[in-house]
Amino acid sequence: MRINSPKLNIMHKACMKASRSLIRDFGEIENLQVSSKGPGDFVSSADKRTEKIIIEELLKAQPDYCILSEEAGTINEKNKSNKWIIDPIDGTSNFLNGIPQFAISIGYEENNQIKSGLIYDPIKNELFFAEIGSGAFLNNSRIRVSKRKNLKHSLLGTGGPKSNSKLKNEIFQEFIEVSKNIETPIRKYGSASLDLASVACGRFDGFWQRELSYWDIAAGILIIKEAGGFVDFLENNDIKSKKMNLVASNSFIHKELMDLINKKNIEKN
Ligand code: IPD
Ligand code: CA
Ligand code: CA
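Undergrad: Is there a simple way to think about helix H7 (residues 254-263) in this case?
TA: An α-helix turns once every 3.6 residues. As a result, residues three or four positions apart point the same way. Among all positions of H7, only His 254, Leu 257, Met 258, Leu 260 and Ile 261 are buried. Each buried residue of H7 sits inside an arc of 165° when the element is viewed along its axis, so together they form one side. Among the exposed residues of H7, those pointing more than 90 degrees away from its buried face are Lys 255 and Lys 263. Close packing links the buried residues of H7 with strand S9 (156-158), helix H4 (168-180), strand S10 (206-212), strand S11 (230-233) and strand S12 (244-249).

Undergrad: How do you make sense of the packing of aromatic side chains when you look at a structure like this?
TA: Geometry of an aromatic ring pair is reported as the spacing of the ring centres plus the angle between the planes. By the definition in use, this model includes 8 aromatic pairs. Where Phe 26 meets Phe 95, the ring centres are 5.5 Å apart and the plane angle is 45°; that geometry is what we call tilted. Here Phe 95 lies in helix H3 (residues 92-96) and Phe 26 lies in helix H1 (residues 6-33), a separation of 69 residues in the sequence. When sorted by exposure, Phe 26 lands in the same class as Phe 95, which is buried. Measuring from ring centre to ring centre gives 5.0 Å for Trp 84 and Tyr 108, while their planes differ by 50°; the resulting arrangement is tilted. Residue Trp 84 is found in strand S3 (residues 82-90), and its partner Tyr 108 is found in strand S4 (residues 103-110); the two are separated by 24 residues along the sequence. Take Trp 84 and Tyr 108: they sit in the same class, and that class is buried. Directly above the aromatic system of Phe 252 lies the positively charged group of Lys 149, at a separation of 4.3 Å from the ring centroid.

Undergrad: Would you mind going over the nonpolar core with me for this structure?
TA: Across soluble globular proteins, nonpolar side chains have a tendency to be buried as a group. Core analysis: the largest hydrophobic core is formed by 36 residues, its most contacted members being Ile 217 and Leu 246. The set of elements that each furnish at least two residues to this core consists of strand S5 (113-121), strand S6 (126-131), strand S7 (136-138), helix H5 (192-200), S10, helix H6 (214-226), S11 and S12. The leading source of residues in this core is H6, at 9 residues. Among the domains, domain 1 (6-143) and domain 2 (151-268) are the pair contributing at least three residues each to this core. Excluding residues within four positions of it along the chain, Leu 246 makes contact with Leu 196, Phe 207, Trp 208, Gln 209, Leu 212, Ile 217, Ile 221, Val 231, Asp 232 and Phe 233.

Undergrad: For this particular structure, what's the right way to read the pattern of salt bridges?
TA: When the charged atoms of two side chains with opposite charge come close together, those side chains can pair. The final tally for this structure, using the stated rule, is 12 salt bridges. Residue Lys 124 is joined to Asp 121 by a salt bridge in which the shortest nitrogen-to-oxygen separation is 2.7 Å. Note that Lys 255 is salt-bridged to Asp 259, the shortest N-O span being 2.7 Å. In this pair, Lys 255 and Asp 259 both sit in helix H7, 4 residues apart, roughly one turn of the helix. For Asp 259, a relative accessible area of 38% corresponds to the partly exposed category. Sharing partners across several salt bridges, the network here consists of Lys 13, Lys 17, Glu 57 and Lys 60.

Undergrad: Looking at this structure, how should I read the coordination of the calcium ion (ligand 3)?
TA: For a metal with four donors in a tetrahedral arrangement, the ideal angle between donors is 109.5 degrees, while six donors in an octahedron ideally sit at 90 or 180 degrees. Note on the calcium ion (ligand 3): its protein donors are Glu 70 (OE), Asp 87 (OD) and Ile 89 (O). The metal-donor distances range over 2.2 to 2.4 Å. Each donor residue of the calcium ion (ligand 3) lies on the same chain, and together they follow the pattern E-x16-D-x1-I. The metal-metal distance between the calcium ion (ligand 3) and the calcium ion (ligand 2) comes to 3.8 Å, with Asp 87 coordinating both. In this pair, Glu 70 sits in the loop between strand S1 (66-69) and strand S2 (73-75) while Asp 87 sits in strand S3, placing the two residues 17 residues apart along the sequence.

Undergrad: Help me out: how do you make sense of the coordination of the calcium ion (ligand 2) in this one?
TA: Looking at the calcium ion (ligand 2), the protein donor atoms are Asp 87 (OD), Asp 90 (OD) and Asp 216 (OD), and they sit 2.1 to 2.3 Å from it. Going along the chain, you hit the donors of the calcium ion (ligand 2) in the pattern D-x2-D-x125-D.

Rules used throughout
- Residues numbered from 1 in each chain as written.
- Chains lettered and ligands numbered in written order.
- Predicted model: local features only at pLDDT ≥ 70, side-chain atom pairs only at ≥ 80, totals over all residues.
- Heavy atoms only, no water.
- Buried < 20%, exposed > 50% of the residue type's maximum accessible area, 1.4 Å probe, protein only.
- Helix = DSSP H or I, 4+ residues; strand = E, 2+ residues; numbered from the N terminus.
- Arc of directions from axis to C-beta.
- Contact = heavy atoms within 4.5 Å.
- Phe/Tyr/Trp six-rings, centres within 6.5 Å; stacked < 30°, edge-to-face > 60°.
- Lys NZ or Arg CZ within 6 Å of the ring centre and 35° of its normal.
- Core = buried A, V, L, I, M, F, W, Y, C linked by side-chain atoms within 4.5 Å.
- Domains from an automatic or database assignment.
- Salt bridge = Lys/Arg side-chain N within 4 Å of Asp/Glu carboxyl O.
- Donors = N, O, S within 2.8 Å, 3.2 Å for Na, K, Ca; no water.

Here it is as structure tokens:
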């Protein structure tokens, strides 16, 4: 692995330690699915176990850095300059159902700018990572976004809406509109971080999703940008909103995809 930055090293170490426990837990899911209690409680404890290991490792390395993590909330809130952003399991519903499509996502921000990002798929042993200004990598190889030139022939991914979304109908309508303009059916894999990683390495030509949280995407945003891709937010939405409406793709189809999504049905909110 070509990780030679101190920050990425810390993130990598924490991630690998946590992933060993996560893989063990994933192995248990099959048994739990047939038990009468079901896997729900177990999954939330797997989430917390993974998160605890990551947080412990990061705090060991940098005791006063701020941490924003999905389950644990914010730690060391006073530190405004250095922040880790963690999603311990991104793709929980997949994990819960024994579907091997989930990841650990860790981003690092300095003075509000994402400097390092790492997304690890423990089942495929795929580590996506980037440091600002140094390109993006998948394991030992440099990655780049796709070179697909038109939207019509693009492979796109999306996600959501969440069950409690107030924009459900509009989001479904948006899905229909985008579908009408492309030939290959849109993919929906249930792990936003891995969707972004897929754009970064050119498996997807583009991805969009509304109402994402920062921990879903902090690492992915940097990895895509370092892979030569574009990331934008719809409407007045920006990177620090609670619910982020994101569009990511290669430079060729980006405008067309943005225009198509902006054109229609979602009321400005
Ligand atoms: C979810 C996944 C999913 C996306 C949801 C996220 P979680 O994260 O990334 O793909 O559609 O919006 O909340 O809950 O599995 O960490
Ligand atoms: Ca998530
Ligand atoms: Ca999660």
